[in-house]
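A closer look at the structure
Here is what each chain is made of, one letter per residue.
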Amino acid sequence: MITSGPLRIRYGGEQDAASVAELHADSWRTAYRGIVPDDALGDGLAAQRRELWELRLQADYGEPENTPVLLVAEQAGVVVGFVYVVPQPDGRVLVDNLHVRPGRTGGGIGRELLAAARAQAAERHPGAELYLEVLSGNTRAVAFYEREGGVRVRVQEGVFPGGHVLPEYVYAWPAAPGPALGRSSTRGQSTS
């Protein structure tokens, strides 16, 4: 698939559940192959992701400050990435998912999504620390977060489907401004 034109980051909603779930499952299969046991990436993964995103995007979280935000990156009308930002009871903000369509990584989409997540968190939760958890074996993602200024603050264990327990790192960023949402990137991208 060739996708060119400006990258646009927008707020996502229920209408994005299917495309985000499909991208999420594809990203897991690509990024976690050899890290996560194969049965966690098997045939049921797409259905699990679809159910997860339908639930997340239809749920009523109450007050706006408690409501997670889905930010979707699109290019030429195609969803090429997303980030899900979740306010936490302790005042921090969790990047629960940041995924870029396989074959599109390395082109700046993840950087733009992370910057948009930071901006969104700073706007809705001034002074809040942004953090995320990443599998220690996902060396490409670990390197990306470190390049983007993330500071490793903890090592812990994460639980994956099927009860698989795997080591992960926690990275954090202090609150910081970023690009305004709804703007288009000035750079065009072309990838096959």
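See the structure printed just above.
Residues numbered from 1 in each chain as written. Predicted model: local features only at pLDDT ≥ 70, side-chain atom pairs only at ≥ 80, totals over all residues. Heavy atoms only, no water.

1. Brief notes about the packing of aromatic side chains
Counted according to the given criterion, the structure contains six aromatic pairs. A ring pair is formed by Tyr145 and Tyr171, whose centres lie 6.4 Å apart and whose planes are at 40°; its orientation type is tilted. Of the two residues, Tyr145 sits in helix H4 (residues 139-147) while Tyr171 sits in strand E7 (residues 164-173), which places them 26 residues apart along the sequence. Judged by its relative accessible area of 7%, Tyr145 falls in the buried class. Since its relative accessible area comes to 0%, Tyr171 is described here as buried. The structure contains a cluster of three or more aromatic residues connected by ring pairs, namely Phe144, Tyr145, Tyr169, Tyr171 and Trp173. The ring of Tyr131 carries the charged tip of Arg92 above its face, separated from the ring centre by 3.8 Å. Note that Arg152 overlies the ring of Tyr169, its terminal NZ or CZ placed 3.6 Å from the centroid. (Phe/Tyr/Trp six-rings, centres within 6.5 Å; stacked < 30°, edge-to-face > 60°. Helix = DSSP H or I, 4+ residues; strand = E, 2+ residues; numbered from the N terminus. Buried < 20%, exposed > 50% of the residue type's maximum accessible area, 1.4 Å probe, protein only. Lys NZ or Arg CZ within 6 Å of the ring centre and 35° of its normal.)

2. Side note on the pattern of salt bridges
The final tally for this structure, using the stated rule, is nine salt bridges. Between Arg10 and Asp16 there is a salt bridge whose closest N-O contact spans 2.7 Å. An identical accessibility class is assigned to Arg10 and Asp16; each is buried. Among the salt bridges present, the one from Glu74 reaches Arg10, with a minimum N-O distance of 3.1 Å. Taken together, the residues span a long stretch of sequence, with Glu74 in strand E2 (residues 69-75) and Arg10 in strand E1 (residues 6-11) at a distance of 64 residues. On the basis of relative accessible area, Glu74 is assigned to the buried category, the value being 14%. (Salt bridge = Lys/Arg side-chain N within 4 Å of Asp/Glu carboxyl O.)

3. Side note on the nonpolar core
Ranked by internal contacts, the top residues of the largest apolar core, which has 29 residues, are Val83, Leu113, Val134, Tyr145 and Tyr171. Mapped by element, the contributors of at least two residues to this core are E1, E2, strand E3 (78-87), strand E4 (93-100), helix H3 (109-124), strand E5 (130-135), H4 and E7. Among the elements that take part in this core, H3 stands out by supplying six residues, more than any other. If we skip the residues at most four places from it in the chain, Val134 touches Ala141, Val142, Tyr145, Glu168, Tyr169 and Tyr171. By size, the runner-up hydrophobic cluster in this structure holds 16 residues, among which are Leu23, Leu70, Val79 and Tyr84. (Core = buried A, V, L, I, M, F, W, Y, C linked by side-chain atoms within 4.5 Å. Contact = heavy atoms within 4.5 Å.)

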